Amino acid sequence: MDTLLCKLARYYASLSYDEVPAEVIEKAKRSLADFLSELAAGFYVGELAEAVNPYLVELGGKPESTLLCVGRKMPAQNAALGMGVMAHAIELDDGHRWGTSHPAVAIMPAVLAMAEREKSSYGEILLAIVIGYDMMLRTARAINPAHLKKGFHSTGTCGSLGAAAACAKLLNLDEEKTAYAISMGGLQSAGLQEMLHDHPGVKPLQPGKSASAGVLAADLAKRGAKSPRTLFEGEHGWLKAMCDSNYSAEALIGDLGTRFEILYTYTKLYPTCRHCHAAIDLAREARETLSCDPADIEYIEVKTYRLGIVEVGRIQVPKTQQEAMFSLPFAVAIALTRGNVTLQDYTPETLSDPKLISLAEKVHVIEDEKLNDLYPEERGAHMKVVLRDGRSFEKYIPVAKGEPEFPVTDEDLKEKLQAMLSPYYPNAFFEGLWKMTVEGDIESRSYEEIIEHFGRFCS
């Protein structure tokens, strides 16, 4: 059989570390450092993690993999679930604009849980991450934006396929069993956007479940379970179910070996939904250009695309931290007032600040048909800020900082991670983590030392 799934499974099962370009491996290292830092911060501020972590500890079970920060070993599936929930809690994890999804929080927990259990090398971990990202983001690219418009959460629905592919690699499955694993990952696809409109704090459950599903799928495939190899193009297959007929087979299987999707991911600099970021970049520039008291601002207009407005344009004045992460008006108000938007800006005091509330109420978010047409090639914003004295700022940017066309430097990334971790950990935690994940020879690194590092600083 030579289905779309079989073509992908054949490629991933045969791919070796030496065949992956150096720039792809370097990106994987930094993505891992980013993920682990977000997990470490999410342990302290994650609303859902407060319920999930004790639940997983109480379940107990076979001590296979460590739930980082909690420091307890448990079944690999459960450790993957918990790490996915913590890492997605603060809306600072990486993403992919063509697939409208967040790969790290679905792929990394599955890889780390499986790798600890299987005693995989650091090189094997990086290769699995590359494969997991590629599988997840190819599926997401193939079905979006139609998938998102139907109300699905791509991180949840596509993450289980990528997690399954990554875990299959760590188990060294052949191409047939890799296909079965990915297929079973697809059968577990789940995730809806409705969580954005009522209690968005539950959102991390979806990538956590994807990670857990990937572990389960690979384990079952190794034990002989089989699943439809016609998963994608079948009469009742995944592609039709996820987006009717609005999918691209070329996006799914094209350029295997030359288009590594991890290189097309973005890095977040602000703890908000990505649809806010172009507007935040503009607000920071407007603040610097106008050099005014925010009280002197008369009017703020943000033009952007429909999907962005659906996700972040409807909450003018948030009541909770989780709502604030999905409020473009409030993020713009913070950026204009403080010059940045950080995790520490979303405190109860900030949310009740009358000056910020007043400024957020001046932000008018408008749908722009031209930007609708450009999405997702461009996920930009047009901003106009008018002052009472008649001065104004007006500018459009096509993408926010952190995209492949406008990448962050190592210094940018370090600054983000240090600022994010500093309220909870001494600087030695970040410095050690960066050294273990990014620097040094691959052969001298291991996941075990990362687990021990977390153990020294988490209590």
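Residues numbered from 1 in each chain as written. Predicted model: local features only at pLDDT ≥ 70, side-chain atom pairs only at ≥ 80, totals over all residues. Heavy atoms only, no water.

Looking at the layout of surface pockets
Of the pockets and cavities examined, the largest pocket occupies roughly 490 Å³. The set of elements that each furnish at least two residues to the lining of the largest pocket consists of helix H13 (277-290), strand S6 (392-397) and helix H20 (410-421). Of all the elements, H20 adds the most residues to the lining of the largest pocket, at 5 residues. Of the residues assigned to the lining of the largest pocket, the class counts are 10 nonpolar, 3 polar and 9 charged. (1 Å grid on protein atoms, 1.4 Å probe; cavity = no way out; pocket = protein on both sides within 12 Å on 5 of 7 lines; lining within 4 Å. Points joined across faces, edges and corners; volume = space filled by probe spheres on them. Helix = DSSP H or I, 4+ residues; strand = E, 2+ residues; numbered from the N terminus. Nonpolar A, V, L, I, M, F, W, Y, C, P; charged D, E, K, R; others polar.)

Quick notes on helix H1 (residues 4-14)
Burial in H1 covers these residues: Leu 4, Leu 5, Cys 6, Leu 8, Ala 9, Tyr 11 and Tyr 12. Those residues of H1 hidden inside the fold are in contact with helix H6 (122-143), helix H8 (154-170), helix H9 (175-187), helix H11 (238-243) and helix H12 (249-253). (Buried < 20%, exposed > 50% of the residue type's maximum accessible area, 1.4 Å probe, protein only. Contact = heavy atoms within 4.5 Å.)

Details of the side chain of Lys 268
Among the structural elements, Lys 268 can be located in the loop between H12 and H13. Exposure remark for Lys 268: the relative accessible area of 0% places this residue in the buried category. At a separation of 3.0 Å, a polar atom in the side chain of Lys 268 contacts the side chain of Glu 91. Residues in contact with Lys 268, not counting those within four places in the same chain, are Glu 91, Leu 92, Asp 93, His 102, Cys 273, Arg 274, His 277 and Lys 416. (Polar contact = N/O pair within 3.5 Å; in protein donor to acceptor, adjacent residues only side chain to side chain.)

Description of the pairing of strand S5 (residues 381-387)
Among the 7 residues that make up S5, 5 are buried, leaving the element largely enclosed by the rest of the structure. Note: strand S3 (residues 297-304) against S5, 6 bridges, orientation antiparallel. Paired with Lys 303 across the strands is His 382, a residue of S5. Pairing analysis gives 6 bridges linking S5 to S6, with the strands arranged antiparallel. When the sheet's bridge partners are listed, Lys 384 is paired in S6 with Glu 394. Linking S5 to S6, which pair antiparallel, is a turn of 4 residues; within it Gly 390 sits at a positive phi near 95°. (Pairing = 2+ DSSP bridges.)

Looking at the packing of aromatic side chains
Tallied over the entire structure, the rule returns 11 aromatic pairs. When the centroid spacing of 5.3 Å and the interplanar angle of 55° are considered together, the rings of Tyr 11 and Tyr 12 count as tilted. For the pair Tyr 44 and Tyr 424, a centre-to-centre distance of 5.1 Å together with 5° between the ring planes defines the contact as stacked. Residue Tyr 44 is located in helix H2 (residues 22-45), and its partner Tyr 424 is located in the loop between H20 and helix H21 (427-437); the two are separated by 380 residues in the primary sequence. The residue whose ring lies beneath Arg 141 is Tyr 264, and the NZ or CZ to ring-centre distance is 5.5 Å. Against the face of Tyr 266 rests Arg 274, its NZ or CZ located 4.1 Å from the ring centre. (Phe/Tyr/Trp six-rings, centres within 6.5 Å; stacked < 30°, edge-to-face > 60°. Lys NZ or Arg CZ within 6 Å of the ring centre and 35° of its normal.)

Description of the packing of helix H5 (residues 104-118) against helix H10 (residues 205-222)
Helix packing geometry: the angle between the two helix axes and the distance between the axes. Between H5 and H10, the least distance of the axes is 7 Å, while the angle of their chain directions is 45°. The angle between H5 and H10 places the two elements in the oblique class. The element H5 and its partner H10 pack so that their crossing is right-handed. Residue-level inspection shows Val 105, Ala 106, Pro 109, Ala 110, Met 114, Arg 117 and Glu 118 of H5 in contact with H10, the latter providing Pro 207, Ser 210, Ala 211, Val 215, Ala 218, Asp 219 and Lys 222. Residues belonging to the contact of H5 with H10 are distributed by class as follows: 9 nonpolar, 1 polar and 4 charged. (Axes fitted to C-alpha atoms, helices over the stretch in contact; angles between N-to-C directions. Parallel < 35°, antiparallel > 145°, perpendicular 65-115°, else oblique. Left-handed = near helix turned anticlockwise from the far one by under 90°.)

As for the UniProt feature "domain: MmgE/PrpD C-terminal" (unreviewed entry) in the chain
According to UniProt, the "domain: MmgE/PrpD C-terminal" (unreviewed entry) feature falls on residues 270-426. Counting secondary structure, residues 270-426 comes out at 41% helix and 17% strand; the distance between its end C-alpha atoms is 21 Å. (UniProt positions renumbered as here; feature names shortened; annotations may be inferred.)

As for H13
Here H13 spans 20 Å end to end across 14 residues, near enough to the 20 Å set by a 1.5 Å rise per residue. For H13, the full list of buried residues reads His 277, Ala 278, Ala 279, Ile 280, Asp 281, Leu 282, Ala 283, Ala 286 and Leu 290. Elements that come into contact with the buried residues of H13 comprise S3, helix H16 (328-338), S5 and S6. Ser 291 occupies a position one or two residues after H13 and carries a positive phi of about 45°. (Expected span 1.5 Å × (residues − 1).)

Quick notes on the state of the cysteines
All chains considered together, the criterion is met by 0 disulfides. Not engaged in a disulfide, the cysteine Cys 6 finds its nearest cysteine sulfur in Cys 158; these two sulfurs lie 19 Å apart. Note on Cys 158: no disulfide assigned, nearest cysteine sulfur contributed by Cys 243 at a separation of 9.6 Å. (Disulfide = S-S within 2.5 Å.)

As for the UniProt feature "domain: MmgE/PrpD N-terminal" (unreviewed entry) in the chain
The sites that carry the UniProt feature "domain: MmgE/PrpD N-terminal" (unreviewed entry) are, in the present numbering, residues 7-245. For residues 7-245, helix accounts for 63% and strand for 3%, while the C-alpha atoms at its two ends are 21 Å apart.

Considering the pattern of salt bridges
Where charged atoms from two side chains of opposite charge come close, those side chains can pair. Tallied over the entire structure, the rule returns 29 salt bridges. Linking Asp 219 and Arg 117 is a salt bridge whose minimum nitrogen-to-oxygen distance equals 2.7 Å. Here Arg 117 lies in helix H5 and Asp 219 lies in helix H10, a separation of 102 residues in the sequence. Assigned by exposure class, Asp 219 and Arg 117 land together as buried. With a closest N to O distance of 3.1 Å, Asp 389 and Arg 391 form a salt bridge. Since its relative accessible area comes to 53%, Asp 389 is described here as exposed. Several salt bridges converge on common partners, so that one network encompasses Asp 2, Lys 7, Arg 10 and Glu 175. (Salt bridge = Lys/Arg side-chain N within 4 Å of Asp/Glu carboxyl O.)

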